[in-house]
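# Close look at the chain arrangement
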Amino acid sequence: MLLTARGLQNVFRFQHTSILRYQNVNIQRSRWWSSINQASLSPQVEDFLEKSEIKPGFGKIQQTQMILSDLAKIVKDTEKPALGQDTRFLELLKNLEKDVRFAEPLSIISILKNVEKLGAEEDSYVVRNLENAVLWVARSCSIKELVMSFTFFAGNSRPASTQKKKMVDEILTIVERRWVEFKEGNHLNAMLHYSSMLSADLLAKLEDRLQDNVDDIPVNDLVEILSTYARSTRGRNIPVLRSLGFHISKNRSFLDIKDISDVLFAFRKLSYKDQDTLEKICYALEPLIAGNEKLSVIRSILTSLGQLKYRPSEVLDKICDWYDKRLEENKSVESRDISTILLTLANLNHIPLDKETFLQKLESKLKYEDFKDLKRGDSIWVEIVWSLLVLKRPVAEHASRILSPEFIKNTIGEDNKVHINTSKLLNINEAVTLLGDSYTGPKLSNDVIKELLQLSGPPSGNKIQFRKFVMETLSTLFPPPRFAHEDVKTNFGVSIDVEVLADSSAKPLQIETYSIKKDSDTPPKELPAGATRLAILTTPFQECLISGEMSGATSLAVNLLQANGFTTLVIDHKTISSSMKAISRIQKLDVLIKQVLEKKQNDLKEKMS
């Protein structure tokens, strides 16, 4: 009977495949280990191989899987070269040369994992055959199995290689054809975990599926997905974050304190500052604090709140009570816990009411020795003392150490790189200076102050942009440079964004001869009678609390400026905005300046009466 052309082609393909298979078995033996030595198998492995056999009546693939799994547990690294040459082991592997594609996907992956553990090289025949079987079944297996196949190759501990990348790309091609089948939260999360490997188009499709099914995904899975976004290097998708935040806050009653800690951490990493969502999350947090026993969870919550610049007063007070109770019960409270709570309270400008005794307990446990040997020990210590200053706690005892010449010398390297926040150090120096004769410790010399001012970093881009916007509005009332100076540096670590002079009627006065001179030891000329030195601070969104209120840094700056004879006006992002017409912005600033000056006059009258 004559064969058709297709029949001849199939015969040739079968013969060619058989030849390749024979060649590949030899390649398998030669490549099982790149360097073959004379190491022998242990008696335990020898005994195991002797007793291992494939019994009839039960699937060969399943039996082979179990044998390889048990074998991988007892074979040592030094035995793998000898194992790769053992005829009993090679005979066992022949069971994986055909019909593997009909096995369960998870069985194939399990076999592949154990074969690699036993020393098979990536380009050996058995590994290639198993990988091809994975691709074959991935076309029709469940989404769960498809995801597990992808994560196995994407997260495999093998070194990155062309073959590994090819397998990932092949499976992703299948995912792109089946993306509409994704709906489970854990499946979507597993794919998003490897978002750096996904194309922009596939990532967008999976995010669409996430938003389509977000109502049906358990809240704990949503928390996991949010945490995955926080670890991602692909940036943030605001619509997705908004959807996740909304549904998590809606189902907040199902969250425990660790879940809420993870949510706040993710929001911090993603700089997602939706006040309404945070309010709901923190409302659910309040009753969970008292029953918590883990310091790390409370530390994480405090750090996230501080960096988010969100101040839930009730939560902060309950956390203070939680620490106070631990101290009363002589339970462990670490130095980093004390520093974390002080820094957070200071950054959020939150002075707990009726917590004088608690704050005294914290201060009594503060020891420089607990921080000095840390990588940034001196910097952390300056931050702690600065936090006490913001919280209006006594700092003289601690300041005498950080203002000493030895401390300053250690914090300014030979390359003139500063390892501390110079502005905060200058703030502390000014605070003890204002104490007068009651402080007898060291202070910064004028030369050191000048050096620190020169080494201080530039303002952020957001600060510069917002200050420029405010100045464009203010210049109509106080035209620079005759009537307004920008970015005025003070010797006490506060940068005045705009300095102006005004008479009692709020009319501008020329400022040149009365302004602070940078790097000058000569104080400014005395003001004319009735004149007011007005320091205007501009605070963009990034420098304010989410509520729009002053942060601890701004509050301290205002206090130090007022102690040095300035009248202050803080203009935040809510005071004036680009949505307002220019004339409305000018009129509003004019009213605010007049109100500030009027308040000053009223305060003076009260003092004189």
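Bear in mind the structure is a predicted one, so any value in this text is a computation, not a measurement.

Within the protein, the regular secondary structure consists of 27 helices and five strands. Whereas a compact globule of 609 residues would reach a radius of gyration of roughly 25 Å, the protein reaches 35 Å, over 25% beyond that. Of the contacts made within the protein by residues no fewer than 6 positions apart, 72% connect residues no fewer than 24 positions apart. As presented, the protein carries roughly 31700 Å² of accessible surface, and 50% of it is formed by carbon and sulfur atoms. For the protein, the centre of its 83 positive side-chain charges and the centre of its 80 negative side-chain charges are spaced 4 Å apart.

This brings us to the confidence of the model for the protein. Across the protein, the average pLDDT comes to 87, with 90% of residues at or above 70. Throughout residues 1-38 the model reports pLDDT below 50, and contacts reaching past four residues in sequence, or to other chains, amount to 35 contacts.

Before going further, it helps to examine helix 9 (residues 162-178). Think of an α-helix as 3.6 residues a turn; residues three or four steps apart then line up on the same face. Between its terminal C-alpha atoms helix 9 stretches 25 Å, which fits the 24 Å expected from 17 residues at 1.5 Å a residue. Of the residues making up helix 9, those classed as buried are Q163, K164, M167, V168, I171, L172, I174, V175 and R178. In the core, the buried residues of helix 9 are packed alongside helix 7 (125-138), helix 8 (143-154), helix 10 (185-192) and helix 11 (200-213).

The residue H350 is located in the loop between helix 18 (335-347) and helix 19 (356-364) in this model. Relative accessible area serves as the criterion here: at 9%, H350 is assigned to the buried category. Along the sequence, H350 and P459 sit 109 residues apart, while their C-alpha atoms lie 25 Å from each other. Contacts of H350, omitting those with residues within four sequence positions, involve R311, S313, L316, D317, L345 and L391. At 3.0 Å, the side chain of H350 and the side chain of D317 are in polar contact.

On to the side chain of N427. Tracing the sequence through the fold places N427 in helix 23 (residues 422-433). Look at N427 and you get buried, because its relative accessible area is 8%. Not counting residues within four places of it along the chain, the set of residues in contact with N427 comprises W386, L389, F492, G493, V494, L556 and L560.

Now for the side chain of D324. Among the structural elements, D324 can be located in helix 17 (residues 313-328). Judged by its relative accessible area of 17%, D324 falls in the buried class. Apart from the residues lying within four places of it in its own chain, the contact partners of D324 are F358 and K361.

Formed by 158 residues in total, the largest nonpolar core has its most connected members in L71, L96, Y323 and I341. Apart from the residues within four sequence positions on either side, Y323 is in contact with L295, I298, R299, L302, V333, D337, I341 and F358.

Definitions and cut-offs
Residues numbered from 1 in each chain as written. Predicted model: local features only at pLDDT ≥ 70, side-chain atom pairs only at ≥ 80, totals over all residues. Heavy atoms only, no water. Helix = DSSP H or I, 4+ residues; strand = E, 2+ residues; numbered from the N terminus. Rg over C-alpha atoms; globule rule 2.2 N^0.38 Å. Contact = heavy atoms within 4.5 Å. Areas by Shrake-Rupley, 256 points an atom, 1.4 Å probe, with all protein chains shown as cover. Lys, Arg positive; Asp, Glu negative; His and termini not counted. Charge placed at Lys NZ, Arg CZ, Asp CG, Glu CD. pLDDT = per-residue confidence, 0-100. Expected span 1.5 Å × (residues − 1). Buried < 20%, exposed > 50% of the residue type's maximum accessible area, 1.4 Å probe, protein only. Polar contact = N/O pair within 3.5 Å; in protein donor to acceptor, adjacent residues only side chain to side chain. Core = buried A, V, L, I, M, F, W, Y, C linked by side-chain atoms within 4.5 Å.

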